[in-house]
Amino acid sequence: MSDEVLIKVDNVSKKFCRTLKRSLWYGIQDVTSEILCRQGGQDELRPGEFWATNDVSFELRRGECLGLIGRNGAGKTTLLRMLNGLIKPDKGQIEMCGRVGSLIALGAGFNPVLTGRENIYVNGSVLGLRKREIDSKLEEIIDFAEIEEFVDSPVQTYSSGMQVRLGFAVATALEPDVLLLDEVLAVGDAAFRNKCYNRIGERRKKTGVILVSHNMDQVGQFCNRVVVLSRGKSIFDGDSVGGIGAYGNLSTCDDDSDVQVFENIKFPIFNVKIKLAESRVMYGEEVKFRIDIYSEQVVSKTTLKIVFYDQQHHPCMEWNSAKVGCETSLKKGKNTFQIDLGPMIVKTGKYRLSVVLNDEFDIAMLVWSYKKHEIFIDGITNSGPTMVLNSNLKRCTDKNT
Amino acid sequence: MGQPTLKKTFYSPESQLRQPSILIREMLSDLFASRGLAWRLFVRNISAQYRQSILGYLWAFLPPLFSMAIWVLLNSQKIINIDDPGMPYPLFVLTGTVLWQTFVDAINSPLKLVTESKEMLAKINFPREALILAGLLEVIFNFFIRILLLVAIFVWYRTPVTGTAGLAFLGVLVLIVLGLMIGILLTPLGVLYNDVGRTIAIFTQFWFFLTPVIYPMPKEGIVALIVQYNPVTPVLVSVREWLILGSSSQLMGFCVVSFVSVGFLLLGWVLYRIAMPHLIARISA
C-alpha cells in the first residue's frame with residue numbers, strides 16, 4: 001500500500017439556502033463578489049442559510065477506502081461534489097491528486113434517443129476518455145453492462161437497471177486515481193451489485209475510494225476507514241467498526257420519523273401493556289420481557305410472537321410461543337406473561353420489536369404492536385453478521401495415518 | 001519506480017481572478033481538452049434533433065423560407081412599402097433572414113445548451129467550454145445547411161458570385177461571435193432566472209424589425225437613427241453587400257463591432273467560468 005496522499009481536505013465548509021428564491025439571489029451575489037474579488041463575508045451566514053458542510057477535514061491515501069456515512073442531509077453529497085470540483089467550498093481548501101472518477105450520477109448525459117453504443121462514446125468523453133481509449137474498452141464495457149443485444153437500440157428502450165449498469169461500466173472503465181461513489185449501488189439487482197463491488201475491490205488497490213452508503217454491512221466490508229457526518233460536521237474519523245458504532249448511536253439519539261409505528265388490539269382484548277426490563281442491554285446479556293394482556297373473556301389458545309427488526313427493517317429474529325411449546329391461553333381479566341429471550345449474542349445496535357398475539361386459529365391478530373418498542377444492544381461494535389455463534393472448535397487427530 | 005507525478009487540483013473559496021495567469025492557463029487547456037467532447041455533444045444534439053422528425057434537416061430551411069415568402073407577398077401586394085434595395089427583393093430578404101436566423105441561433109445557443117445540460121453539469125466535472133463549443137458548431141452547421149438555400153436563390157436570379165464572397169464568410173463569423181457574446185454574457189443570469197430566456201425571445205423579435213433585414217437602410221427618422229446604432233446593422237449589411245454587390249458601405253462599423261464582439265466574448269467566457277460553480281450550487285440545491 002502506498003502512502004501517497006490523494007485527497008486532502010482542510011477545514012472545508014459550504015453553506016446552502018433553504019428557500020429557492022433567496023438561494024438564486026445569493027447565487028448572483030456570490031458571482032458578483034467573485035468577479036469583484038471581494039473578500040470576506042463568506043464566513044457568515046445570510047438569512048435563511050445553514051452550513052451544509054461544516055469544518056470538515058480528512059486525508060485519503062492510495063489504497064484506502066473511506067466510508068462516508070451519516071443520515072440523510074448530513075452533507076455527504078455536498079462534500080463529494082466539492083471534492084469533484086462541481087461546487088466551490090465557502091471556507092477551507094481541498095487538494096486532489098490525479099484523475100478523479102465519480103459515480104455521483106450514473107448515466108448522466110445519456111440521451112434517450114441515441115443508441116447505447118453512441119451513448120457510450122458521449123458518456124466516455126464526458127468522463128474524460130479519448131475516442132481511442134473508448135474504442136479499446138468498448139467490448140469490456142458492453143460485456144460488463146450485459147447489454148450485448150441492446151447496444152444498438154435507443155437508450156429509452158432500456159430498463160432502468162440496464163441504464164445503471166451501462167453507466168457504472170462506463171465510469172469504472174476510466175481507471176481513476178480517486179473514485180467517488182455516491183450511493184449509486186443502491187439500485188440494480190443483487191448479482192450486478194456484487195459484480196460492481198468486485199470491480200471496486202479490484203480498483204481499490206490502485207486508487208483511493210470514497211464510498212457514501214447507508215448500508216452498514218457494505219461499509220463494514222469495504223471500508224478500512226469511516227468518517228461520520230452529522231448536520232454537516234464530522235463527528236467521527238477512524239476505523240470502520242468505531243464509525244459504524246458512532247453512526248448507530250446517531251440513529252438512536254435522533255428520532256427516525258420514517259418508521260411506521262402502531263399498536264392495534266381487537267375484541268376480546270381491551271388493553272395490553274408491553275414492558276421491556278431494560279431498553280439497553282450489553283452484548284451477551286439477557287433480554288427479559290413482560291406483557292400484560294387484559295381480556296374480556298376466556299380464549300382457549302393463542303400464539304404469541306415477538307419479532308426483532310434490525311436497522312435495515314429486516315425481521316432478523318423471532319420468538320414464537322407455539323414453536324417452543326409454551327401454553328398461552330387467556331383467562332378473563334389480566335394475564336401476565338414473562339418471557340426470557342436469553343442472551344443476546346447478536347450484532348450490536350438498535351432493534352425494533354413487534355409483538356403479535358394471534359387467536360386460536362392463528363389467523364386474527366388480537367394484539368399487533370408494530371415496532372413500538374426498541375432495544376439497544378450495546379458493546380463492542382461488530383459490523384459483520386447479525387449473529388455470532390459461540391461454538392467450540394476441537395482438533396481431530398486422525399489415527400489412521 | 002518512476003511514477004509520473006500526478007496532476008494536482010486545488011479548490012478554495014478564493015476568487016479565480018486573483019490569479020489571472022492560472023485562470024488563463026486553465027481556460028486554454030480546458031478549451032483544448034473540450035474539443036473531443038464538444039464534437040461528441042454536437043453530433044449527439046444534431047442526430048437526436050433530426051432523428052425523431054420526418055422533415056429532418058428541412059427544419060433548418062423552413063423558417064427563413066417562410067419568412068421570405070411572407071415578406072415577398074406583403075411587399076408585392078403593396079401592403080408594406082419598402083424602398084428598392086438595389087437588388088431583387090426575394091434575394092435581399094432571403095439573405096437577410098438567413099443571416100438573422102444565424103445570429104439569433106448564436107444568441108440562444110449558450111443558454112439553451114447549459115439549460116439542457118443542467119443535470120450533467122450538476123453531477124459530472126467536464127470542461128464547461130465543451131457546451132459553448134458544441135453550441136457554436138451547431139450554429140455553424142445550421143448556417144451551412146441554409147447556404148444551400150442561398151445557392152438556390154442565387155442560381156435562380158443568375159446572380160454571379162462576387163470576389164468578396166470570402167469576406168462575407170468572415171462577416172458571418174463576426175455575426176456569430178456577436179450573437180454568442182450576447183448569449184454567453186446572459187447565460188449566468190439566464191440559468192438562475194428563466195425570465196432571461198423569455199426576454200431574449202421577445203427582444204429578438206423587436207430587434208428583427210429594427211435591423212435592416214427585410215428593408216434597406218432607412219434614410220431618416222427615429223428608426224434610421226436606431227438602425228444606425230444597432231450593432232447588428234453593419235455586420236449584416238456588410239455580409240449581404242459583399243455577397244451580392246461586391247463592396248461594403250459599412251466597413252468602419254463592421255471593424256468596430258468585430259473588435260468589440262471578440263473582446264466581450266472573451267470577457268463573457270471568463271464570467272461563464274467563474275459563475276459556473278456558483279450556478280451549479282444553486283440549480284441543484
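These figures come from a predicted structure and were not determined experimentally. (Residues numbered from 1 in each chain as written. Chains lettered and ligands numbered in written order. Predicted model: local features only at pLDDT ≥ 70, side-chain atom pairs only at ≥ 80, totals over all residues. Heavy atoms only, no water.)

**Quick look at the interface of chain B and chain A**
Every contact between the two is made by 43 residues of chain B and, on the other side, 58 residues of chain A. Of the roughly 4,600 Å² buried between chain B and chain A on both sides combined, carbon and sulfur atoms contribute 60%. Considering only the side of chain B, the residues that lose the most area to chain A are B:Tyr11, B:Arg40 and B:Arg282, jointly responsible for 18% of the buried surface there. At the surface where chain B touches chain A, the tally comes to two salt bridges. Here chain B is connected to chain A by 13 residue pairs in polar contact (both at pLDDT 80 or more). (Contact = heavy atoms within 4.5 Å. Buried area = accessible area lost by both parts, 1.4 Å probe. Salt bridge = Lys/Arg side-chain N within 4 Å of Asp/Glu carboxyl O. Polar contact = N/O pair within 3.5 Å; in protein donor to acceptor, adjacent residues only side chain to side chain.)

**Description of the pairing of strand β6 (residues 178-182) of chain A**
All names here are of chain A. Counting buried positions over the five residues of β6 gives five, a clear majority of the element. Here β6 shows two buried faces, one formed by Val 178, Leu 180 and Asp 182 and the other by Leu 179 and Leu 181. Pairing of strand β5 (residues 100-103) with β6 involves four bridges; the strand directions are parallel. Bridge pairing in β6 places Ser 102 opposite Leu 180. Across five bridges, the pairing between β6 and strand β7 (residues 208-212) is parallel. Bridge pairing in β7 links Leu 180 to Ile 210. (Buried < 20%, exposed > 50% of the residue type's maximum accessible area, 1.4 Å probe, protein only. Helix = DSSP H or I, 4+ residues; strand = E, 2+ residues; numbered from the N terminus. Pairing = 2+ DSSP bridges.)

**Some points on the packing of helix α4 (residues 89-116) of chain B against helix α7 (residues 165-192) of chain B**
Residues and elements named next belong to chain B. For the pair α4 and α7, interaxial distance at closest approach is 7 Å and the crossing angle is 30 degrees. The angle between the axes of α4 and α7 places the two elements in the roughly parallel class. Relative to α7, the crossing made by α4 is right-handed. Across the interface between the two elements, Leu 99, Thr 102, Phe 103, Ala 106, Ile 107, Ser 109, Pro 110, Leu 111 and Val 114 from α4 touch Val 172, Leu 175, Ile 176, Leu 178, Gly 179, Leu 180, Ile 182, Gly 183, Ile 184, Thr 187, Gly 190 and Val 191 from α7. Taken together, the residues that form the contact of α4 with α7 break down as 15 nonpolar, six polar and no charged. (Axes fitted to C-alpha atoms, helices over the stretch in contact; angles between N-to-C directions. Parallel < 35°, antiparallel > 145°, perpendicular 65-115°, else oblique. Left-handed = near helix turned anticlockwise from the far one by under 90°. Nonpolar A, V, L, I, M, F, W, Y, C, P; charged D, E, K, R; others polar.)

**As for helix α5 (residues 160-172) of chain A**
Under the 1.5 Å per step criterion, the end-to-end length of α5(A) is 19 Å for 13 residues, consistent within 8% with the ideal 18 Å. Here the buried face of α5(A) lies against β5, α3 (116-126), α4 (131-145) and α6 (190-204) of chain A. (Expected span 1.5 Å × (residues − 1).)

**Topic: the pattern of salt bridges**
As enumerated under the stated definition, the model contains 25 salt bridges over all chains in all. When salt bridges that share partners are traced, they join A:Asp30, A:Arg46, A:Glu49 and B:Arg282 into one network.

Everything listed here is a matter of geometry and, on its own, says nothing about what the molecule does.
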